[in-house]
Amino acid sequence: MTIHLQRDKSGPMRQTLSIRDHRLIADQSVEGGGEDAGPDPHEFYDSALGACKALTVLWFARRKGIPVEDVLVEVERDGSQERQGVYKLKTSLTFVGDQLTDEHRQQLLAVAEKCPVHKLMTQVTTEIETVMAG
């Protein structure tokens, strides 16, 4: 899979991301020289973790017949030590469903900790190559 990015010249820093048939906007905050027309790259990174946890929980609950109606996720970032090599993300999950037991909630929490993006961020070495095209 390839993600394509191109500058949207309607803003000083705005980028259009094309992923399959989806179009997303990335931008910098006003303080960062952009117009805040969309999330910045850190926010996309952080939100990938939250989305993965929610989707993993919903998939697992459906597969196991656990009566979860919704999963609410909040992601908090502490990037204060990023330049020293420590980037902290805290996810808080709320499982919605009148018929959920404490056992269900513990199962769902354990599954959320095993989502693929969580593993990717914590257990995998990512190799990045930057080249000049054409």
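So, here is what we can say about the structure in this document.

**Details of the overall build of the protein**
Tallying secondary structure elements over the protein gives three helices and five strands in all. Moving toward the C terminus, one meets the helices and strands of the protein in the order β-β-β-α-β-β-α-α. Considering only C-alpha atoms, the protein reaches an extent of 55 × 35 × 30 Å along its principal axes. Here the protein holds 134 residues, and the buried ones make up 24% of them. For the protein, restricting intrachain contacts to residue pairs at least 6 apart in sequence, the fraction spanning at least 24 positions comes to 38%. Here the protein has roughly 10,100 Å² of accessible surface; of this, 50% comes from carbon and sulfur atoms.

**Side note on a nonpolar patch on the surface**
Nonpolar side chains collect at one region of the surface, where Met 1, Ile 3 and Leu 5 lie side by side and expose about 360 Å² of accessible area between them. The class for Ile 3 is partly exposed, based on a relative accessible area of 41%.

**What to know about the nonpolar core**
Of all hydrophobic cores here, the largest spans 13 residues; its most connected members are Val 57, Val 68, Val 71, Phe 95 and Leu 108. Of all elements in the fold, only helix 1 (41-64), strand 5 (88-96) and helix 2 (102-112) reach the threshold of two or more residues within this core. Examining the composition of this core, we find that four residues originate from one element, helix 1, more than from any other. Apart from residues no more than four positions distant in its own chain, Phe 95 is found in contact with Val 57, Val 68, Asp 70, Val 71, Leu 100, Arg 105, Leu 108 and Leu 109.

**What about helix 1?**
Its 24 residues place the ends of helix 1 35 Å apart at the C-alpha level, agreeing with the 34 Å of an ideal helix rising 1.5 Å per residue. Along helix 1, the residues that are buried comprise Asp 46, Leu 49, Gly 50, Cys 52, Lys 53, Ala 54, Thr 56, Val 57, Phe 60 and Ala 61. Measuring from the backbone nitrogen of His 42 back to the side-chain oxygen at the start of helix 1 gives 3.0 Å, which picks out Asp 40 as the cap. Of the residues trailing helix 1, Gly 65 is marked for its positive phi of about 70°.

**Comments concerning the sheet that holds strand 1 (residues 4-7)**
For sheets, the rule is that strands pair by backbone hydrogen bonds, running either parallel or antiparallel. Reading across the sheet, the three strands line up as 1-2-3 and stay open at both edges, with antiparallel pairing between neighbours. Of all the strands in the sheet, just strand 1 and strand 3 (22-26) have a single pairing partner and so form its edges. In this sheet, adjacent strand axes meet at a mean angle of 25° when their direction is disregarded.

**Remarks on the state of the cysteines**
Across all of its chains, the model carries zero disulfides by this definition. Cysteine Cys 115 shares no disulfide, and the gap to the nearest cysteine sulfur, in Cys 52, comes to 3.2 Å. You can call Cys 115 buried: its relative accessible area is 0%.

**Topic: the environment of Asp 98**
In this fold, Asp 98 is placed in the loop between strand 5 and helix 2. Separated by 31 residues in the primary sequence, Asp 98 and Pro 67 place their C-alpha atoms 8.1 Å from one another.

How each quantity is defined
Residues numbered from 1 in each chain as written. Predicted model: local features only at pLDDT ≥ 70, side-chain atom pairs only at ≥ 80, totals over all residues. Heavy atoms only, no water. Helix = DSSP H or I, 4+ residues; strand = E, 2+ residues; numbered from the N terminus. Buried < 20%, exposed > 50% of the residue type's maximum accessible area, 1.4 Å probe, protein only. Contact = heavy atoms within 4.5 Å. Areas by Shrake-Rupley, 256 points an atom, 1.4 Å probe, with all protein chains shown as cover. Patch = residues over 30% accessible without salt bridge, like charges linked within 9 Å, V, L, I, M, F, W, Y side chains within 5 Å. Salt bridge = Lys/Arg side-chain N within 4 Å of Asp/Glu carboxyl O. Core = buried A, V, L, I, M, F, W, Y, C linked by side-chain atoms within 4.5 Å. Expected span 1.5 Å × (residues − 1). Polar contact = N/O pair within 3.5 Å; in protein donor to acceptor, adjacent residues only side chain to side chain. Pairing = 2+ DSSP bridges. Axes fitted to C-alpha atoms, helices over the stretch in contact; angles between N-to-C directions. Disulfide = S-S within 2.5 Å.

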